[in-house]
Amino acid sequence: MPWVIDALAAAGISLHGEARRFGDLGIFGCGGSNVTPMDTPTELEEHELSAVLERAHAGVADAPRRLLICHTPPFDTRLDRLRNGTPVGSPAVRAFIEAVRPDLAVVGHIHEGRGIDRVGDTTVVNPGALRDGGYAVVEYDEANGALRAELRRLETRLVL
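**Observations regarding the nonpolar core**
Next up, step 1: Formed by 21 residues in total, the largest nonpolar core has its most connected members in Leu53, Leu68, Cys70, Ile97 and Val124.
Next up, step 2: When contributions to this core are tallied by element, the ones reaching two or more residues are strand 2 (25-30), helix 2 (46-58), strand 5 (65-70), helix 3 (91-100) and strand 6 (104-107).
Next up, step 3: The leading source of residues in this core is helix 3, at five residues.
Next up, step 4: Within the second largest apolar cluster, seven residues are counted, among which are Ile27, Leu104, Val106 and Leu147.

Encoded structure:
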């Protein structure tokens, strides 16, 4: 929803088209999604996704390690498939990842696309829906420059 991006920007914590640098680690991102048949809020055309990604990446292009946070998954991976197997991710996000080669990308949008895949040299992680307990932990070891992610699941307990 556009107001969410605006609220995060006002709080100084938005990554939509923006970047942050933490030593050798650059984090940049893109909110919203590609155009869908469901007409969801904050849908962006492919050229708009490309522009947002390029603008965000420019702020950390020289960082030795780069982490992309992008709501939309790259097209044609294990992470962008609907339950029927149809890939619905963004070709622009895929082309961007192939060209820029961030070390790690964390994506979402397709809840049933939970998993880990690769696009070229980049590890791409979709934690799935938080409402289903899915999340990812990203760790950066500054000493050796290792950036990695692990999928986890919240354990839910029924308390009577």
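**A word on the packing of helix 2 against helix 3**
Next up, step 1: At a closest axis distance of 8 Å, the pairing of helix 2 and helix 3 adopts a crossing angle of 35°. Crossing hand, helix 2 versus helix 3: right-handed. In this structure, helix 2 contributes Glu46, Leu49, Ser50, Leu53, Glu54 and His57 to the contact, and helix 3 contributes Pro91, Ala92, Val93, Phe96 and Val100.
Next up, step 2: When grouped by side-chain class, the residues that make up the contact of helix 2 with helix 3 number seven nonpolar, two polar and two charged.

**A short note on helix 2**
Next up, step 1: For helix 2, which comprises 13 residues, the first-to-last C-alpha distance of 18 Å matches the rise-based estimate of 18 Å (1.5 Å per residue) to within 8%.
Next up, step 2: Turning to helix 2, its buried residues number three or more, namely Leu49, Val52, Leu53, Ala56 and His57. For helix 2, the angular spread of the buried residues around the axis is 125°, confining them to a single face. Looking at helix 2, the residues exposed on the side facing more than 90 degrees away from the buried face are His47 and Ala58.
Next up, step 3: Lining the buried residues of helix 2 we find strand 1 (19-22), strand 2, strand 3 (33-34), strand 4 (43-44), strand 5 and helix 3.

**Notes on helix 3**
Next up, step 1: By the burial criterion, the buried members of helix 3 are Ala92, Val93, Phe96, Ile97 and Val100. Around the axis of helix 3, the buried residues are gathered within 135° of arc, so they sit on the same side.
Next up, step 2: Those residues of helix 3 hidden inside the fold are in contact with strand 2, helix 2, strand 5, strand 6, strand 7 (115-119) and strand 8 (122-126).
Next up, step 3: Between the side-chain oxygen of the N-cap and the backbone nitrogen of Ala92 there are 3.1 Å, and the N-cap of helix 3 in question is Ser90.
Next up, step 4: Of the residues flanking the end of helix 3, it is Arg101, one or two places downstream, whose phi is positive at about 55°.

**Focus on the pattern of salt bridges**
Next up, step 1: Inspection of the entire model under this criterion finds nine salt bridges.
Next up, step 2: In this structure, the salt-bridge partner of Glu18 is Arg20, at a minimum N-O distance of 3.3 Å.
Next up, step 3: Exposure remark for Arg20: the relative accessible area of 25% places this residue in the partly exposed category.

**Topic: the environment of Leu68**
Next up, step 1: Mapped onto the fold, Leu68 is located in strand 5.
Next up, step 2: It is 9.2 Å that separates the C-alpha atoms of Leu68 and Ala56, two residues lying 12 residues apart in sequence.
Next up, step 3: When neighbours within four sequence positions are excluded, Leu68 is seen to be in contact with Phe28, Gly29, Leu53, Phe96, Ile97, Pro102, Leu104, Ala105 and Val106.

**What about the side chain of Arg66?**
Next up, step 1: Looking at the secondary structure, you find Arg66 in strand 5.
Next up, step 2: Among buried Asp, Glu, Lys and Arg side chains, Arg66 stands out as unpaired, with Asp103 the closest opposite charge at 4.8 Å.
Next up, step 3: A polar atom in the side chain of Arg66 sits 3.0 Å from the backbone oxygen of Arg101.
Next up, step 4: Those residues within four positions of Arg66 in sequence are excluded, and the remaining contacts are Leu25, Gly26, Phe28, His57, Val60, Ala61, Val100, Arg101, Pro102, Asp103, Leu104 and Leu147.

Rules used in this analysis
Residues numbered from 1 in each chain as written. Predicted model: local features only at pLDDT ≥ 70, side-chain atom pairs only at ≥ 80, totals over all residues. Heavy atoms only, no water. Core = buried A, V, L, I, M, F, W, Y, C linked by side-chain atoms within 4.5 Å. Buried < 20%, exposed > 50% of the residue type's maximum accessible area, 1.4 Å probe, protein only. Helix = DSSP H or I, 4+ residues; strand = E, 2+ residues; numbered from the N terminus. Axes fitted to C-alpha atoms, helices over the stretch in contact; angles between N-to-C directions. Left-handed = near helix turned anticlockwise from the far one by under 90°. Contact = heavy atoms within 4.5 Å. Nonpolar A, V, L, I, M, F, W, Y, C, P; charged D, E, K, R; others polar. Expected span 1.5 Å × (residues − 1). Arc of directions from axis to C-beta. Polar contact = N/O pair within 3.5 Å; in protein donor to acceptor, adjacent residues only side chain to side chain. Salt bridge = Lys/Arg side-chain N within 4 Å of Asp/Glu carboxyl O. Lys, Arg positive; Asp, Glu negative; His and termini not counted.

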